[in-house]
2 protein chains.
Amino acid sequence: MTNAPRPKLADVARVAGVSTGTASKALTGRGALRRDTRERVLAAAEKLGYEPNVAALGLVSGRSYTVGLITSDQLGRFSVPVMLGAEDSLATGQMAILFCDAREDPVRERHWIRTLSARNVDGILVTSLRSDPRPSLSDLVSVPVVYAYSPSERPDDISVVPDDAQGGRLAGDHLLEVGRTRLAYVGGPASYTASHLRLRGFREALAAAGLDLTTAPLFVSWEEEAGRQAARMLLRRGDEFDGVFCASDQIARGLIDELSSAGVSVPDDVAVVGFDNWDIMTLASRPPITSIDMNLTKVGDVAARLLTEAIAGEASPGEHRVECTLIVRGSTV
Amino acid sequence: MTNAPRPKLADVARVAGVSTGTASKALTGRGALRRDTRERVLAAAEKLGYEPNVAALGLVSGRSYTVGLITSDQLGRFSVPVMLGAEDSLATGQMAILFCDAREDPVRERHWIRTLSARNVDGILVTSLRSDPRPSLSDLVSVPVVYAYSPSERPDDISVVPDDAQGGRLAGDHLLEVGRTRLAYVGGPASYTASHLRLRGFREALAAAGLDLTTAPLFVSWEEEAGRQAARMLLRRGDEFDGVFCASDQIARGLIDELSSAGVSVPDDVAVVGFDNWDIMTLASRPPITSIDMNLTKVGDVAARLLTEAIAGEASPGEHRVECTLIVRGSTV
DNA sequence: GTGAAAGCGCTAACAT
DNA sequence: ATGTTAGCGCTTTCAC
């Protein structure tokens, strides 16, 4: 707990032998000043370790150099990379981030909206766990809002989402490349948009090769146990299959586990592709799982960039998609 | 993007037919006012949807009603619950949280310290992934700092940590209760304080029953694969054992997996207790894993409370420990 | 090119 | 009990 009150502009001005007005111009770079005056001020500021008081800046500019980050859903594996990506690009722009956890609760969300508006935030970033569209906040606030991961219901809002369909295509292309032709799909719950988008992309890839799924798509829950069940169902059906695309790494891990127990070799008999590229799952599985990475950090980064632009008055409405990436591991090669 | 400039105190005062000074007294509850005057002001504020401008408050009070939350380590599974716990108790106190990710990088940490001081934060919460002591920030800042999860090196700083030793005792007591007497310990890397504290507590529990480990403690890495290796080592040693305490759920899962493959039944032949209570691991394992929960949300909550107190001038220096909890599942019963 | 002064929204002394 | 006013730290006209 060091003390010594922080130096203010008046201190800098005094040390530099100028008025506060001049010091301000020198520090902000606005207005016309003699070179040596400017340098004297800069030197004084440096010497004193001067940092402008953000509250004062905010009062005069009406801005806060702060954005709100509302996580509308259980904060977890998905939101965190998005947050970090956003933080990175906002922080380099001198923006600070107010962290607001709304826990899927509209009441808490309202509370945060009020708080953020009282704090004059320059913009708001909204992120959720589910990739399904969420209600727009645009009518409630007077600053730009960008939705990351889970898009707004309103198409003219600014949203950034992973390209699930393209991820599905990657999975399909890869399985075809490693010579698989009798393919199955195990999605998450049918209530999730992502389950369908990933399937659609997967089918598009197969269609481009003149193929389709060998056996009807399965929709289960996201967990490992669901993957085990799915494996049992596929085996029981009796349809021959040599490749499976699972909509989560957890499903993939459970499925691989059960296939192995049943004497089916992965990848020799059946190649498996997962989704999420969650290393805790992909690397712990035997064999490790080939997976689709949603590049969530990039999602956050792009969202933050768009927010910064929107704050500057350059809006780019609509849904922006971030490409997925294929990570090849032992479950397919 | 609703517009309409936010009402200010002057607007409230005008509507209520009083001066701004009076309106301020009514709203803050300070000073003496006639009851109906106060109510008129309150009604006007309510009607206009008035929220005080935080920048102005900050300028006059020198406070910001904001705390910085610095995550000094890769933000992940451990930091997130701590953050959420902290958020919860700070938000109810009208405090907002500035989210600062320092990524284990001292340079970034310095950057944030400067930023936070420019923003006049009222206090700082520091959280890290590792439970080993970290360098103190006290000499760099002029506001209270509380360290959550990873304590400060300086014993007179305020730190909040999970009680690893007590967690180890819980594990020991439980294994004894379910009738196990030939016990082994598999820790994380020896470089982690937590590996030793958990072992110490475990041994204390055994000692209280006149026992000690049957076989020398193992120190491996935290992952599943390490658990598998540990299982092989224990089996190879040939020492008989009927209970194992693992310092992470990942280790426990790998160990259970390998024991099962080797024909050793869990929990019939060997009971296993994990640590972290990470459901992705504990529930996906077969059998599900009995584990020790560090109550990280509580750690964050306590840290936030202590920070609030410290800001109010009531310091409670020292290391505060939060108790762990035993969660019983199929791997021991 | 530089300084003086007003004003951002609010609170707290001080008048009345 | 209420109104008036100074001032928090800064930027920005407006004079000089």
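A quick note: this is a predicted structure, and the numbers were derived from the prediction, not measured.

**Q** For this particular structure, what's the right way to read the pattern of salt bridges?
**A** A side chain with one charge may pair with a side chain of the opposite charge, provided their charged atoms come close. Scanning the entire structure with this criterion turns up 57 salt bridges over all chains. Asp11(B) is paired through a salt bridge with Arg14(B); the nearest N and O atoms lie 2.8 Å apart. Linking Asp11(B) with Arg14(B), this pair stays in helix H1 (residues 9-16), spanning three residues, or about one helical turn. Two residues, Glu39(B) and Arg35(B), come together in a salt bridge whose shortest N-O distance is 3.4 Å. Of this pair, Glu39(B) and Arg35(B) are both found in helix H3 (residues 35-48), four residues apart, which corresponds to roughly one turn of the helix. The exposure class assigned to Glu39(B) is partly exposed, which follows from its relative accessible area of 45%. One network of salt bridges, in which partners are shared, links Glu224(A), Glu225(A), Arg228(A), Arg232(A), Asp257(A), Glu258(A), Arg253(B) and Arg286(B).

**Q** So what exactly am I meant to see when it comes to the relation of the copies chain A and chain B here?
**A** In this structure, two copies of a chain are linked by a rotation about an axis accompanied by a shift along it. The operation relating chain A to chain B is a screw motion whose rotation component is 180 degrees, with 0.0 Å of axial translation and a residual RMSD of 0.1 Å. Taken together, these values place the two copies in the relation of a two-fold axis.

**Q** What's the story with the packing of aromatic side chains in this structure? I'm lost.
**A** Given two aromatic rings, one states the distance between the centres and the angle between the planes to describe the pair. Enumeration according to the criterion identifies 16 aromatic pairs over all chains in this entry. With a centroid separation of 6.3 Å and 70 degrees between ring planes, the pair formed by Tyr185(B) and Phe219(B) is classed as edge-to-face. Taken as a pair, Tyr185(B) in strand E6 (residues 183-187) and Phe219(B) in strand E7 (residues 218-219) lie far apart in primary sequence, 34 residues in all. Residue classification places Phe219(B) among the partly exposed residues on the basis of a relative accessible area of 32%. What links up through ring pairs into an aromatic cluster is the set Tyr185(A), Phe202(A), Phe219(A), Phe245(A) and Phe275(A). In this structure, Arg77(A) packs its charged tip against the face of Trp278(A), placed 3.6 Å from the ring centre.

**Q** Help me understand the pairing of strand E9 (residues 271-275) of chain B, please; the structure alone is not making it clear to me.
**A** On a regular strand, each side chain points to the face opposite its neighbour's, so the side chains alternate between the two faces of the sheet. Residue and element names in this part refer to chain B. In terms of burial, E9 is a largely internal element, five of the five residues being buried. Judged by which residues are buried, E9 turns out to be covered on both faces: Ala271, Val273 and Phe275 on one side and Val272 and Gly274 on the other are all buried. Pairing analysis gives three bridges linking strand E8 (residues 243-246) to E9, with the strands arranged parallel. Paired with Phe245 across the strands is Val273, a residue of E9. In this view, the connection linking E8 to its parallel neighbour E9 by way of helix H10 (residues 249-261) has right-handed handedness.

**Q** Explain the packing of helix H9 (residues 224-237) of chain B against H10(B) here, please?
**A** Think of two packed helices as two axes; the pair is described by the angle between the axes and how far apart they sit. All names here are of chain B. Between H9 and H10, whose axes approach to 6 Å, the crossing angle comes to 50 degrees. Taken as axis vectors, H9 and H10 run oblique relative to one another. By crossing handedness, the relation of H9 to H10 is classed as right-handed. The residues of H10 that touch H9, namely those facing Glu224, Gly227, Arg228, Ala230, Ala231, Arg232, Leu234 and Leu235, are Gln250, Ile251, Arg253, Gly254, Leu255, Asp257, Glu258 and Leu259. In the contact of H9 with H10, the residues fall into seven nonpolar, three polar and six charged.

**Q** Just checking my understanding: could you explain the protein's contact with DNA strand C for this structure?
**A** Taken together, 23 residues lie around DNA strand C, and Thr22(A), Thr37(A), Lys8(B), Leu9(B) and Tyr50(B) are the ones closest in. In DNA strand C, the atoms that sit within 4 Å of the protein are 75% sugar and phosphate, with bases accounting for the remainder. Between DNA strand C and Tyr50(B), the relevant distance is 2.7 Å, taken from a phosphate oxygen to a side-chain nitrogen or oxygen of the residue. At four residues, the largest contribution of residues to the surface near DNA strand C is made by helix H2 (residues 20-28) of chain B. Its residues assigned to classes, the surface near DNA strand C shows 11 nonpolar, seven polar and five charged.

**Q** Whenever I open this one, the UniProt feature "domain: HTH lacI-type" (unreviewed entry) in chain A confuses me. Can you help?
**A** This chain's UniProt record puts "domain: HTH lacI-type" (unreviewed entry) on residues 7-61 of chain A. Between the first and last C-alpha atoms of residues 7-61 of chain A the distance is 21 Å; the span itself is 71% helix and 0% strand.

**Q** In this structure, what is going on with the domain arrangement of chain A? I would like to understand it.
**A** Interface size is often expressed as the accessible area that is lost when the parts come together. Residue and element names in this part refer to chain A. Splitting chain A by domain gives domain 1 (9-59), domain 2 (64-162 + 295-322) and domain 3 (164-293). Look at where the C-alpha atoms of domain 2 and domain 3 centre, and you get two points 32 Å apart. Counting residues at the interface gives 10 residues for domain 2, matched by 10 residues for domain 3. In total, domain 2 and domain 3 occlude about 810 Å² of area from one another, counting both sides; carbon and sulfur atoms represent 34% of this. Three residues stand out in domain 2 for area buried against domain 3, namely Arg77, Arg130 and Asn295, and they jointly supply 53% of the buried area on that side. Scanning the region where domain 2 abuts domain 3 turns up one salt bridge. One salt bridge connects Asp276 with Arg77, and the closest N-O pair in it is separated by 3.4 Å.

Calculation notes
Residues numbered from 1 in each chain as written. Chains lettered and ligands numbered in written order. Predicted model: local features only at pLDDT ≥ 70, side-chain atom pairs only at ≥ 80, totals over all residues. Heavy atoms only, no water. Salt bridge = Lys/Arg side-chain N within 4 Å of Asp/Glu carboxyl O. Helix = DSSP H or I, 4+ residues; strand = E, 2+ residues; numbered from the N terminus. Buried < 20%, exposed > 50% of the residue type's maximum accessible area, 1.4 Å probe, protein only. Least-squares fit on C-alpha atoms with pLDDT ≥ 70 in both. Phe/Tyr/Trp six-rings, centres within 6.5 Å; stacked < 30°, edge-to-face > 60°. Lys NZ or Arg CZ within 6 Å of the ring centre and 35° of its normal. Pairing = 2+ DSSP bridges. Right-handed = clockwise from strand over helix to strand, strands pointing away. Axes fitted to C-alpha atoms, helices over the stretch in contact; angles between N-to-C directions. Parallel < 35°, antiparallel > 145°, perpendicular 65-115°, else oblique. Left-handed = near helix turned anticlockwise from the far one by under 90°. Contact = heavy atoms within 4.5 Å. Nonpolar A, V, L, I, M, F, W, Y, C, P; charged D, E, K, R; others polar. Near = heavy atom within 4 Å. Polar contact = N/O pair within 3.5 Å; in protein donor to acceptor, adjacent residues only side chain to side chain. UniProt positions renumbered as here; feature names shortened; annotations may be inferred. Domains from an automatic or database assignment. Buried area = accessible area lost by both parts, 1.4 Å probe.

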